Amino acid sequence: MQPLIGFRDFLPASCAERNYIFAKWREIAGRYGFVEFDGPVLEELDLYKKKSGDEIVRQLYEFVDKGERAVALRPEMTPTLARIVAAEHRQFRKPLKWFSIPQVFRYERPQRGRLREHFQLNCDIVGEESPEADAELIALAIDVVRAFGFTAQDFVVRVSDREFWTELLKLEKVPPDRWEEMLQTIDKSEREPREKTEERLGKLAKPVFEIFEKGGESAKLNNIIENLRLRGLADFAKVDVRIVRGLAYYTGIVFEVFDRAGKFRAIAGGGRYDQLVAQLSDNAVSLPALGFAIGDVVLGEMIRAHTTARAQMEKTVAAERAVEIYVVTAKEEQHGNAIATMQRLRDRGYRVDYSLAGAKVARQFRLAEQNGARLAVVFGDEWPQVGVKDLETGQQRSVAHEELFAHLATFPTLSSRA
Ligand code: HAM
């Protein structure tokens, strides 16, 4: 039997890659002073129906549970965060800077870059309205992608402001109940034939395409780009009004991250959602907020397609998967000494393995190499001496067994934390 379409098994090699991605995510979020939180995978259906917008509601994995509650697997993290913050914010100094790495579920048509489950790094700032926060968040998004070995030649953040579009909707007297549909059409316009967009926009088509051609500028956007310039990150971002974002709750600055060559789907996206916390809270807690999410699927595809990023990942993954020391028992009677020593090695923090089936010596050495071990420690006729073989250089020397730890300490790359 196969996993469901759009779902993945993570065999050890892909699990190691996933861990590599998560470790970098955590490291960079930490560099910016973000702290980790999580919430439930299953939420009340209403949480998403209220404010995420039609597109994501259509993609929900929803069902009625045994207690007759209408529930849904989380398709994104932002509503959960807003719900938690609305209820708990008094406990925390503002602004909150929180991150999480949820697995999320969307019933989409599986294709390259889009599955029915994926993991996302979400980084959000709650309780700060200054545009400094927008710049800080975009800088974080850039650094998260850079951490994998990508440069300004590889990707760009396209930054926009939804207010361009909401101003236009107001000016053209579009009734508010049609805003979401219009914004979605503008958001999708890059991926649709022009005629289709024109037809959907009606009389709005002309001004919309004019704005596309003219581009847009605003003091707010210029400030953000200037702030990024001061950080040396201006080459990674550009103003681009065509970015609108598909989710309904965004209110101001929005952005998406793309590969420069345009080969992949969006890597990451986010923006300001200053009303969502108030909309989800019973006692009308009003807190400005902004955030973004980067998914593991497109990022993984990009890493594998990029020589440097891929080499960096493979090197880290190989080092983390390898055992360090392989214990070889060359004489049956030495089995007891071998496992007693092995336990002490593991207690000291070394990664140690041995053959459970007690194979021939040559095969034990082969296993040592296949497991990526740096050293083999051999228990045989020489006891109370043991052989220490450096599997990189092939050199072997005999060491009194009580000297073994001192000898291992001369290999500074091994991981003992003793
Ligand atoms: P989103 O744009 O829907 O934003 O998703 C963020 C990223 O998740 C996308 O850029 C994409 O890389 C990845 N992604 C989305 N759907 C799929 C899929 N079906 N398969 C694989 N990857 C996917 C949000 O989710 C917002 N809640 C982000 C946010 C946080 N806004 C404020 N705070």
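Above this text is the structure in question.
Residues numbered from 1 in each chain as written. Predicted model: local features only at pLDDT ≥ 70, side-chain atom pairs only at ≥ 80, totals over all residues. Heavy atoms only, no water.

Draft legend 1. The packing of aromatic side chains, seen in detail. Scanning the model with the defined rule gives 16 aromatic pairs in all. The ring of Y107 carries the charged tip of R116 above its face, separated from the ring centre by 3.8 Å. Lying across the ring of F258, R158 places its NZ or CZ 4.9 Å from the centre. (Phe/Tyr/Trp six-rings, centres within 6.5 Å; stacked < 30°, edge-to-face > 60°. Lys NZ or Arg CZ within 6 Å of the ring centre and 35° of its normal.)

Draft legend 2. Local environment of unusual backbone geometry. The peptide bond linking K94 to P95 adopts the cis configuration, its omega dihedral lying at -5 degrees. For P95, the position within the fold is in the loop between α4 (78-88) and β5 (96-100). The backbone of K173 sits at a positive phi, close to 55 degrees, despite the residue not being glycine. Here K173 lies in the loop between α6 (162-171) and α7 (179-188). Notably, R245 is not glycine yet its phi reads approximately 80 degrees, a positive angle. In this fold, R245 is placed in the loop between β9 (237-239) and β10 (253-259). When its relative accessible area of 12% is taken as the criterion, R245 is described as buried. (Helix = DSSP H or I, 4+ residues; strand = E, 2+ residues; numbered from the N terminus. Buried < 20%, exposed > 50% of the residue type's maximum accessible area, 1.4 Å probe, protein only.)

Draft legend 3. Up close: the pairing of strand β16 (residues 385-390). Where strand β15 (residues 375-379) lies against β16, four bridges are found, and the strand directions are antiparallel. The residue of β16 that forms the bridge with V377 is V388. In this antiparallel pair of consecutive strands, β15 and β16, the connection spans five residues. In this antiparallel pair of consecutive strands, β16 and strand β17 (residues 396-400), the connection spans five residues, and G394 shows a positive phi of 85 degrees. (Pairing = 2+ DSSP bridges.)

Draft legend 4. Highlighting the packing of helix α8 (residues 194-201) against helix α9 (residues 205-214). Between α8 and α9, the least distance of the axes is 8 Å, while the angle of their chain directions is 130 degrees. Our classification of the angle between α8 and α9 gives oblique. Note on element contacts: α9 touches α8 through A205, V208, F209 and E213, opposite R194, T197, E198 and L201. (Axes fitted to C-alpha atoms, helices over the stretch in contact; angles between N-to-C directions. Parallel < 35°, antiparallel > 145°, perpendicular 65-115°, else oblique. Contact = heavy atoms within 4.5 Å.)

Draft legend 5. Quick look at the site of the ligand. Lining the immediate surroundings of the ligand are 25 residues, of which E76, T78, E108, D124 and Y250 lie closest. R106 places a polar side-chain atom, nitrogen or oxygen, 2.9 Å from an oxygen atom of the ligand. H118 is positioned such that a nitrogen or oxygen atom in its side chain is 3.2 Å from a nitrogen atom of the ligand. The class makeup of the residues in the shell around the ligand is eleven nonpolar, eight polar and six charged. (Near = heavy atom within 4 Å. Polar contact = N/O pair within 3.5 Å; in protein donor to acceptor, adjacent residues only side chain to side chain. Nonpolar A, V, L, I, M, F, W, Y, C, P; charged D, E, K, R; others polar.)

Draft legend 6. Here's a closer look at the side chain of R162. Mapping R162 onto the fold places it in helix α6. Despite its burial, R162 remains without a salt bridge, the nearest opposite charge being carried by D187 at 6.6 Å. Once residues lying within four places of it in the same chain are set aside, the contact partners of R162 are L183, V244, R245, G246, L247, A248, Y250, T251, G252 and V254. (Lys, Arg positive; Asp, Glu negative; His and termini not counted. Salt bridge = Lys/Arg side-chain N within 4 Å of Asp/Glu carboxyl O.)

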